[in-house]
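Letter by letter, the chains look like this.
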Amino acid sequence: QVQVVESGGGLVQPGGSLRLSCAASGSIFVINGAGWYRQAPGKEREFVARMFSGGTTTYAESVKGRFTISRDNAKNTVYLQMNNLNVEDTAVYYCNVRLTTSQVTTYQDYWGRGTQVTVSS
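Small disclaimer: the values here were computed from a predicted structure and weren't measured.

## Things to note about the state of the cysteines
Alright, step 1. What the rule picks out here adds up to 1 disulfide.
Alright, step 2. With its sulfur 1.9 Å from that of its partner, Cys22 forms a disulfide with Cys95. Taking the torsion about the S-S bond as the criterion, the Cys22 to Cys95 disulfide, at about -80 degrees, is left-handed. Taken together, the positions of Cys22 in strand β3 (residues 18–26) and Cys95 in strand β9 (residues 91–100) put the pair 73 residues apart, joining distant regions of the chain.

Right under this line is the structure:
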């Protein structure tokens with residue numbers, strides 16, 4: 001089994017920072033990439049940031065320059081450093097990990113349950 005668990009969410013004031021972690025564990029052969037998505041109440045889930053297998057990153061325009069996605073391959077962990085947070089960043093943040101579980105299987109996506117980020121003064 002594969003488990004994806006996010007952590008690091010919480011309440012922060014506007015202008016503050018948070019660092020989210022996404023730890024993948026279980027039957028992992030190769031992680032092809034990982035990303036962060038978020039969903040605010042009454043809104044569709046939206047893309048935030050993604051890192052591909054080669055290390056290339058891409059960000060939503062709304063977070064570019066403020067958020068940074070990174071990884072620790074040895075720990076199978078992906079991070080999202082969020083700086084200069086504003087109220088519009090309030091949402092449940094979900095981690096997506098694309099991986100293979102063996103040498104002969106194709107990749108598939110795994111999702112965590114999400115971690116709440118609330119930005120409020």
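Moving on from the coordinates now.
## Considering the environment of Trp36
Alright, step 1. Looking at the element boundaries, Trp36 is found in strand β4 (residues 30–39).
Alright, step 2. Given a relative accessible area of 0%, Trp36 falls into the buried group.
Alright, step 3. Residues Trp36 and Ala60 lie 24 residues apart in sequence; the distance between their C-alpha atoms is 10 Å.

## A closer look at the pattern of salt bridges
Alright, step 1. Across all of its chains, the model carries 4 salt bridges by this definition.
Alright, step 2. Among the ionic pairs, Asp89 bridges to Arg38, the shortest N-O distance being 2.9 Å. Here Arg38 lies in strand β4 and Asp89 lies in the loop between β8 (77–82) and β9, a separation of 51 residues in the sequence.
Alright, step 3. Residue classification places Arg38 among the buried positions, given a relative accessible area of 5%.
Alright, step 4. Among the ionic pairs, Asp89 bridges to Arg66, the shortest N-O distance being 2.8 Å. One end of the pair, Asp89, is in the loop between β8 and β9; the other, Arg66, is in the loop between β6 (57–59) and β7 (67–72), with 23 residues separating them in the sequence.
Alright, step 5. The buried category is assigned to Arg66, whose relative accessible area is 14%.
Alright, step 6. When salt bridges that share partners are traced, they join Arg38, Glu46, Arg66 and Asp89 into one network.

Each value, and the rule that gives it
- Residues numbered from 1 in each chain as written.
- Predicted model: local features only at pLDDT ≥ 70, side-chain atom pairs only at ≥ 80, totals over all residues.
- Heavy atoms only, no water.
- Disulfide = S-S within 2.5 Å.
- Helix = DSSP H or I, 4+ residues; strand = E, 2+ residues; numbered from the N terminus.
- Buried < 20%, exposed > 50% of the residue type's maximum accessible area, 1.4 Å probe, protein only.
- Salt bridge = Lys/Arg side-chain N within 4 Å of Asp/Glu carboxyl O.

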